[in-house]
Amino acid sequence: MEYENKLVLAPMVRVGTLPFRLLASDYGADITYAEEIIDHKIIKCERVVNEYIRSTDFVEKGTDNVVFRTCNQERDRIVFQMGTSDAVRALKAAELVCKDVVAVDINMGCPRSFSVSGGMGAALLSKPDLIHDILTTLRRNIDTPVTCKIRLLNSSHDTVELARRIEKTGVSALAVHGRKVADRPRDPAKWNEIADIVSSLSIPVIANGDVFEYDDIERIKVATGASSVMVARGALWNASIFSPKVKAHWEDVKKEYVRKSILWDNDVKSTKHTLKEMIMHYSCLEFPEGKAVIKSQNLADLAKVYGEEEYYELVSANRFTLNGHG
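Residues numbered from 1 in each chain as written. Predicted model: local features only at pLDDT ≥ 70, side-chain atom pairs only at ≥ 80, totals over all residues. Heavy atoms only, no water.

### Remarks on the layout of surface pockets
Inference 1: Empty space within the largest pocket amounts to approximately 790 Å³.
Inference 2: Residue contributions to the lining of the largest pocket peak at 3 residues, all from helix H9 (residues 233-237).
Inference 3: Along the lines of polarity and charge, the residues of the lining of the largest pocket split into 14 nonpolar, 8 polar and 11 charged.
Inference 4: Roughly 670 Å³ of internal volume is contained in the second largest pocket. (1 Å grid on protein atoms, 1.4 Å probe; cavity = no way out; pocket = protein on both sides within 12 Å on 5 of 7 lines; lining within 4 Å. Points joined across faces, edges and corners; volume = space filled by probe spheres on them. Helix = DSSP H or I, 4+ residues; strand = E, 2+ residues; numbered from the N terminus. Nonpolar A, V, L, I, M, F, W, Y, C, P; charged D, E, K, R; others polar.)

Structure follows, in structure tokens:
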């Protein structure tokens, strides 16, 4: 797994499921991070090969709840991102998924309360010994590359010191979100502080923050010196941001996302959440489309909203035939 000169889809909760990751890679993303999954959650799962849709599912034991779904098409680019606060638990979780992913990433940047209150995400930034313990435990015990994603600390000097300590654990790359924990999405990302980290490390640094158009990819590379770039909201609003060709219209991207959600039998709540985020950026949930998405109970309903009933029927019929009923 190479981390130089790559375009990377950032981990996004409830968005970074299989259909969205495949959509991003279709448009040119080289590496796609899954949404963060907590170690406690994944270690309650068993690995199931889903013949029905030809995916590999990690299903919570005793339920039908698919916690993580992947497939062969993304085998060479999918990164499993984990929330953890314990090295032993992190290893147990990583061992379960590592054969099906290209890398395991530890989330050290999420500022949300559910992460931080459990000692995960950005809470790790103030615990360098625990960071060292988690990363070295993973590095020693699994063959899969290990990476992590951090935010900026209060001073650039402190962030560089932490990044150097992380590098010493033997991780393959470091993703840096150019905001501090207290910063809000509207606060500008501090590209200059990412540059300080890039110049201090020898491993690849993946720069993240305020990449909203294809041209921003080159701008952040020049400003930071990082050769790889990670995109979050810019990709959520229009996944064709990864394409050097003409940007696709967001309506077309949205329909393609709906089709992929149907094809991969994506969780309807996750699909609706992603669609609502797309709609809110360009339009308003009070308009008929937004209301129809909110009211939708299942993927068949969403297919109707986007004029994809025929596609839905075709996919369903094919599955029926494939499973020996035809």
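### What to know about the pairing of strand S4 (residues 45-50)
The side chains of a regular strand alternate, first on one face of the sheet and then on the other.
Inference 1: When S4 meets strand S5 (residues 55-60), the two strands line up antiparallel, connected through 6 bridges. For Asn50, the partnering residue across the bridge sits in S5 and is Ser55.
Inference 2: The hairpin turn running from S4 into S5, its antiparallel successor, is 4 residues long, and Arg54 in that turn takes a positive phi close to 60 degrees. (Pairing = 2+ DSSP bridges.)

### Quick look at the packing of helix H11 (residues 268-282) against helix H12 (residues 288-295)
Inference 1: Direction vectors running N to C along H11 and H12 enclose 165 degrees, while the axes themselves pass 10 Å from each other. The orientation of H11 relative to H12 falls into the category roughly antiparallel. Once H11 is placed against H12, the crossing between them reads as left-handed. Residues Lys272, Leu275, Lys276 and Ile279 of H11 form the contact with H12, whose participating residues are Glu289, Gly290, Val293 and Ile294.
Inference 2: The residue inventory of the contact of H11 with H12, partitioned by class, reads 4 nonpolar, 1 polar and 3 charged. (Axes fitted to C-alpha atoms, helices over the stretch in contact; angles between N-to-C directions. Parallel < 35°, antiparallel > 145°, perpendicular 65-115°, else oblique. Left-handed = near helix turned anticlockwise from the far one by under 90°. Contact = heavy atoms within 4.5 Å.)

### Side note on the sheet that holds S5
The pairing of strands in a sheet happens through backbone hydrogen bonds and is either parallel or antiparallel.
Inference 1: A sheet is described by the order of its strands in space; here 3 strands give the open sequence S4-S5-S6, paired in antiparallel fashion. Edge strands, defined here as strands with exactly one partner in the open sheet, are S4 and strand S6 (66-70). Going from strand to strand, the sheet's axes swing by 20 degrees on average, the running direction of each strand aside.

### Side note on the environment of Leu263
Inference 1: Looking at the secondary structure, you find Leu263 in helix H10 (residues 250-263).
Inference 2: What makes Leu263 partly exposed here is its relative accessible area of 35%.
Inference 3: A sequence separation of 52 residues divides Leu263 from Val315, and the C-alpha atoms of the two residues are 6.5 Å apart.
Inference 4: Discounting residues that sit within four places of it in the chain, Leu263 has contacts with Ile53, Tyr311, Val315 and Arg319. (Buried < 20%, exposed > 50% of the residue type's maximum accessible area, 1.4 Å probe, protein only.)

### Focus on the UniProt feature "domain: DUS-like FMN-binding" (unreviewed entry) in the protein chain
Inference 1: If you check UniProt for "domain: DUS-like FMN-binding" (unreviewed entry), the listed places come out as residues 9-282 in our numbering.
Inference 2: Taken as a whole, residues 9-282 contains 40% helix and 21% strand, while its terminal C-alpha atoms sit 21 Å from one another. (UniProt positions renumbered as here; feature names shortened; annotations may be inferred.)

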